[in-house]
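Each chain, written out:
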Amino acid sequence: MLLMLAIALLSIAAICSRLGILGWILNGLSLHIRDAPQVGGKKPFPSGPRAWPIIGHLHLLAKRPHQIIRDLSGKYGPVVGLQLGKLRAIAVCTPATAKEVLFTHDKIFANRPYFQVNEQFLYGRDTSVVFTSLCPAWRRNRKICTIALVTPRRMQQLEHIRSEEVSFLLREIYEESQGGRKSVELGRYVQLMTARLTLRMINSEARFVPGIEGLLEMIKEVEHEFSSPLIGDFIPALSFLDVWKKIRVRRIHRRMDSILSALIVKRKQAMLNSSSSSFDDLLEVLLSKEANQNGCAGSAAVEDALTVEEMKAILLEILGGGIITTALTIEWGLAELLKHPRCLQRLRKEIEEALPKKGNDLIREEDIANVDFLKSVVKEVARLHPAVPMLVPRISTQECEIGGYIIPPQTLAFVNVWGISRDESVWPNALQFLPERFEGKDVELRGQHFELLPFGSGRRICMGLPLAVSMVGLTLANLIHHFDWQLPEGQTPETLNMDESNGLNLNKAVLTMVVPKPRFMTTIANAPV
Ligand code: HEM
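Residues numbered from 1 in each chain as written. Predicted model: local features only at pLDDT ≥ 70, side-chain atom pairs only at ≥ 80, totals over all residues. Heavy atoms only, no water.

- As recorded in an unreviewed UniProt entry, the chain goes by Cytochrome P450 and comes from Ceratopteris richardii.
- Quoted verbatim from the Cofactor (unreviewed entry) heading of the UniProt record, the comment on the chain is "heme". (UniProt positions renumbered as here; feature names shortened; annotations may be inferred.)

See below:
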């Protein structure tokens, strides 16, 4: 995981300590990052736990770092200081310090750190959105994607795709469970749905493209590699340990590249063949900005033109950024509702009361726009199970002050939104699933409330937020309206496993197996394929 380095070094350490050598040396050499004396009332750098020689705290990030950082913050306070090989880092763990990073010093922390894996997957530096530094290319790419995918107007235009995909999900679950006779792995079908949806927004012709399972698996492989930077990024002298990972990344990248290249070539051909038709998707928008030999795109300025590599990098990030995160949130959401049948019943009742004609039709977004309890459920799921628990890391460009500490430039910053959500002093009964806590409260997911930040905040806030929130609400509403959910034999709501597994995203450790008993046979049987 995050650091193969830690594993490699720990294995070396394990072997050596068996020989009785290294354990002794490391123990003697380990450092404590301590509060240095205050200068003018400010403290130079936040304290942290003992750092190992060379690797510092890299080993702490190897497994569920958000949990480890939360525990450390209990001991070291709202800002934990870390040393990750050659890089200094802070992890902020309270709404006030998160606000300082994401709002007060938004511009200073609006850059992403550079890792070699990103450069390899994304065809160079600053080619896309998520891992691009704060530069004109980032602004341009983010604007292109926002306009093509998630402005209010675009959300409205693409509503039919979201509905069709939810409808298809209902039918697929129905069929796979043989009409409610056997259990299904919910997360898998939800991931396939979000994958199909994203692919259709990128390529409107992709509706019946086979091989979505293969693409999903590849995206998971890409994400897995992204989640563990190379050792050389932190300790250049040890970059020889990266050799296998580099080979693996090159292989996956080549496979992914051939898919993206084929997509672009096919579309260019289709655009040549049909001068009039409009594809109305992200691919079309990107290709309309393709740079010609002079580096321009039609009449657009040079800086507005995109190279083919930039297009592929953007496509890869949109595929990688939205599919798993949205699916995980839906899966955690249904699992919480199954664990809390009272909430499920209340939600079902309030949805049904809001429907224009009760019965078996697919629920549309407009039907549930005013169901406040659904909004509360979505917020509560995102609070307890933020799919990206420590946001995407930022890096500072100037010296600034966080939590009374002076933070030098080039410091990595993690915002532990998972930890903030589970802090009893911020959220009473923090570990309980209580959607009611949002009733009558003006707390939204859009990054203005620093106690609730599953999508981040500031200029680097999640670009896909409106899409993600709509899909989570729409899917949960339809799943509980169209099915009665039973747990497989021997399981009860109380024993439903809610453990987290390891990884960049907040995956469930144990698959959610459920038996969906259809409530209205006709809708599901007639759902479009
Ligand atoms: C429940 C689903 C999702 C969650 C929890 C989520 C979460 C996040 C988080 C935490 C960030 C980093 C924010 C920060 O650094 O402050 C982010 C960035 C981003 N997300 Fe999402 N995301 C989700 C869905 C999506 C979807 C559906 C898309 C695209 C269609 C998307 C596209 C992006 C992009 C492009 C960025 C980079 C923004 C930038 O750096 O300027 N996300 N997301």
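There's plenty left to go through after this.
1. Some words on the site of the ligand
So, step 1. By nearness alone, 26 residues border the ligand, and R112, W138, R142, R394 and C462 come closest of all.
So, step 2. S457 places a main-chain nitrogen or oxygen 3.4 Å from an oxygen atom of the ligand.
So, step 3. Contributions of two or more residues to the shell around the ligand are made by α6 (136-149), α14 (308-339) and α19 (465-482).
So, step 4. Tallying contributions element by element places α14 first for the shell around the ligand, with 5 residues. (Near = heavy atom within 4 Å. Polar contact = N/O pair within 3.5 Å; in protein donor to acceptor, adjacent residues only side chain to side chain. Helix = DSSP H or I, 4+ residues; strand = E, 2+ residues; numbered from the N terminus.)

2. Digging into the coordination of the iron atom of the ligand
So, step 1. There is one protein donor for the iron atom of the ligand, and it is C462 (SG), at 2.3 Å.
So, step 2. By the element assignment, C462 lies in the loop between α18 (417-421) and α19. (Donors = N, O, S within 2.8 Å, 3.2 Å for Na, K, Ca; no water.)

3. Description of the sheet that holds strand β6 (residues 394-395)
So, step 1. With respect to topology, 4 strands assemble into an open sheet ordered β3-β4-β9-β6, the strand pairing being mixed. Looking at the sheet topology across the chains shown, the edges are occupied by β3 (79-84) and β6.
So, step 2. Pairing geometry for β3 and strand β4 (residues 87-92), over 6 bridges, is antiparallel. If you follow V79 over to β4, its bridge partner there is V92.
So, step 3. Each of β3 and β4 touches helix α3 (residues 65-76); the most contacted strand, β3, lies at about 120 degrees to it.
So, step 4. Where helix α4 (residues 95-104) meets the sheet, it contacts β3, β4, β6 and β9 (412-415), and its direction lies at approximately 130 degrees from that of β9. (Pairing = 2+ DSSP bridges. Contact = heavy atoms within 4.5 Å. Axes fitted to C-alpha atoms, helices over the stretch in contact; angles between N-to-C directions.)

4. Remarks on the sheet that holds strand β10 (residues 483-486)
So, step 1. If you trace the 3 strands from one edge of the open sheet to the other, you get β5-β11-β10, paired in antiparallel fashion. Only two strands of the sheet have a single partner each, and these edge strands are β5 (184-185) and β10.
So, step 2. The pairing of β5 with strand β11 (residues 513-518) spans 2 bridges and is classified as antiparallel. Its bridge partner lying in β11, E185 is registered against M513.
So, step 3. Strand contacts of helix α8 (residues 159-176): β5, β10 and β11, with the helix running at about 50 degrees to β10, the strand carrying the most contacts.

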